[in-house]
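Survey of secondary and tertiary structure
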Amino acid sequence: MQKQLCGWVEQGISRVKMKVGRDAKVDKRRVAAARKSIGEEVDLFVDANGAYSRKQAIAQAHAFEQFGVRWFEEPVSSDDLEGLRFIRNHAPAGIEIAAGEYGYDVDYFRRMLDAGAVDVLQADATRCCGFTGFLQAATLCDAYHVPLSSHCAPALHVHIGCATPATRHAEYFHDHTRIERMIFDGVAEPGAGALRAGLDQPGLGLILKRADAQNFAI
Ligand SMILES: [Mg+2]
């Protein structure tokens, strides 16, 4: 894990995210090890995928604070809006609570924002009715004064992220970037930690590598 995190930092990526939630005690040691390896300047994000209980998540947030964790994703289930709000109210101010990756429609996002459940909303254009749904989520974020972060599929979110003022950052998800490069030409590479929308191609600038994609045809 340390090697992987450092590899991203060496690429100029200024925020890195690690999974937590399997074992609260071990997670503290893993977060400490992550911070030790990436140095003090890089933002450290954690994602529990809903694995902690409410009280456990608050205790973890306070433990993680000493290692400069800035983002706590799905500390409890995304369906527990009251729990997310509770944790948001009791976590250290320097740690943002994020959720929303499972959102499928505008009502899901509205309920989450109405509940005051998140400091940053997440949305995924591959899940939330495409760019139309992502735009709706971004508009809601503007209305609620909550920033938006795109989830996974970075190649899909570069352009729409540039077009939506609420979007703060895009998740540069390791598995997805690997697969995107396998079957598309024109995938944006991070430069100094940022993805830039190519303006020399129409649309998303992606071209399907048909011969390579054929290997996965079913
Ligand atoms: Mg997540």
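Okay, so let's go over this structure. These figures come from a predicted structure and were not determined experimentally.

1. Thoughts on the packing of helix α3 (residues 54-65) against helix α4 (residues 81-90)
For the pair α3 and α4, the least separation of the axes is 10 Å and the interaxial angle reads 30°. When the interaxial angle is binned, α3 and α4 end up roughly parallel. Where α3 crosses over α4, the two elements pack in a sense that is right-handed. When α3 is examined against α4, the residues Arg54, Lys55, Ala57, Ile58 and His62 are found in contact with a partner set consisting of Glu82, Gly83, Phe86, Ile87 and His90. Among the residues making up the contact of α3 with α4, the classes are represented as 4 nonpolar, 3 polar and 3 charged.

2. A word on the coordination of the magnesium ion
The protein atoms that coordinate the magnesium ion are Asp47 (OD), Glu73 (OE) and Glu101 (OE), at distances spanning 2.0 to 2.2 Å. Taken in chain order, the donor set of the magnesium ion reads D-x25-E-x27-E. Residue aspartate 47 is located in strand β2 (residues 43-47), and its partner glutamate 73 is located in strand β3 (residues 69-73); the two are separated by 26 residues in the primary sequence.

3. Here we look at the packing of aromatic side chains
Tallied over the entire structure, the rule returns 4 aromatic pairs. Both rings, one in phenylalanine 45 and one in tryptophan 71, keep their centres 4.8 Å apart while their planes meet at 10°; by these two values the pair is stacked. Of the two residues, phenylalanine 45 is situated in strand β2 and tryptophan 71 in strand β3; the sequence distance between them amounts to 26 residues. On the basis of relative accessible area, phenylalanine 45 is assigned to the buried category, the value being 10%. The class of tryptophan 71 is buried, set by a relative accessible area of 1%.

4. Here we look at the environment of valine 69
Topologically, valine 69 is positioned in strand β3. Its relative accessible area of 3% is what places valine 69 among the buried residues. Residues valine 69 and lysine 25, spaced 44 residues apart in sequence, show a C-alpha to C-alpha distance of 16 Å.

5. Thoughts on the sheet that holds strand β1 (residues 15-19)
Read from one edge to the other, the open sheet built from 7 strands follows the order β1-β2-β3-β4-β5-β6-β7, with strand pairing classed as parallel. Whereas interior strands pair on both sides, the edge strands pair on one side only; in this sheet they are β1 and β7 (167-170). In this sheet, adjacent strand axes meet at a mean angle of 25° when their direction is disregarded. Across 4 bridges, β2 lies against β3 in parallel orientation. Residue pairing for β3: aspartate 47 is matched across the bridge by glutamate 73. Each of β1, β2 and β3 touches helix α2 (residues 24-38); the most contacted strand, β2, lies at about 155° to it.

6. So, the side chain of glutamate 74
Relative to the helices and strands, glutamate 74 resides in the loop between β3 and α4. No salt bridge is formed by the buried glutamate 74; its nearest oppositely charged neighbour, lysine 19, is found at 6.6 Å. Every residue in contact with glutamate 74, bar those within four places of it in the chain, is listed here: Asp47, Ala48, Asn49, Gly50, Ala51, Ala98, Ala99, Glu101 and Tyr102.

7. Observations concerning helix α8 (residues 174-183)
Taken together, the buried positions of α8 are occupied by Thr177, Glu180 and Ile183. Buried residues in α8, looked at end-on, bunch into an arc of 145°, giving them a common side. On its buried face, α8 is in contact with α7 (154-163), β8 (184-185), β9 (207-208) and α9 (210-214).

8. Details of the pairing of strand β5 (residues 120-123)
Where burial is concerned, the two faces of β5 agree: the one with Val120 and Gln122 and the one with Leu121 and Ala123 are both buried. With 2 bridges joining them, strand β4 (residues 96-99) and β5 adopt parallel strand pairing. When the bridges of β5 are listed, alanine 98 appears paired with valine 120. In this view, the connection linking β4 to its parallel neighbour β5 by way of helix α5 (residues 106-114) has right-handed handedness. Pairing of β5 with strand β6 (residues 148-150), which is carried by 3 bridges, proceeds in the parallel orientation. From the neighbouring strand, alanine 123 faces β6, where its bridge partner is serine 150. Read as a crossover between parallel neighbours, the route from β5 over helix α6 (residues 130-144) to β6 is right-handed.

The rules behind these values
Residues numbered from 1 in each chain as written. Predicted model: local features only at pLDDT ≥ 70, side-chain atom pairs only at ≥ 80, totals over all residues. Heavy atoms only, no water. Axes fitted to C-alpha atoms, helices over the stretch in contact; angles between N-to-C directions. Helix = DSSP H or I, 4+ residues; strand = E, 2+ residues; numbered from the N terminus. Parallel < 35°, antiparallel > 145°, perpendicular 65-115°, else oblique. Left-handed = near helix turned anticlockwise from the far one by under 90°. Contact = heavy atoms within 4.5 Å. Nonpolar A, V, L, I, M, F, W, Y, C, P; charged D, E, K, R; others polar. Donors = N, O, S within 2.8 Å, 3.2 Å for Na, K, Ca; no water. Phe/Tyr/Trp six-rings, centres within 6.5 Å; stacked < 30°, edge-to-face > 60°. Buried < 20%, exposed > 50% of the residue type's maximum accessible area, 1.4 Å probe, protein only. Pairing = 2+ DSSP bridges. Lys, Arg positive; Asp, Glu negative; His and termini not counted. Salt bridge = Lys/Arg side-chain N within 4 Å of Asp/Glu carboxyl O. Arc of directions from axis to C-beta. Right-handed = clockwise from strand over helix to strand, strands pointing away.

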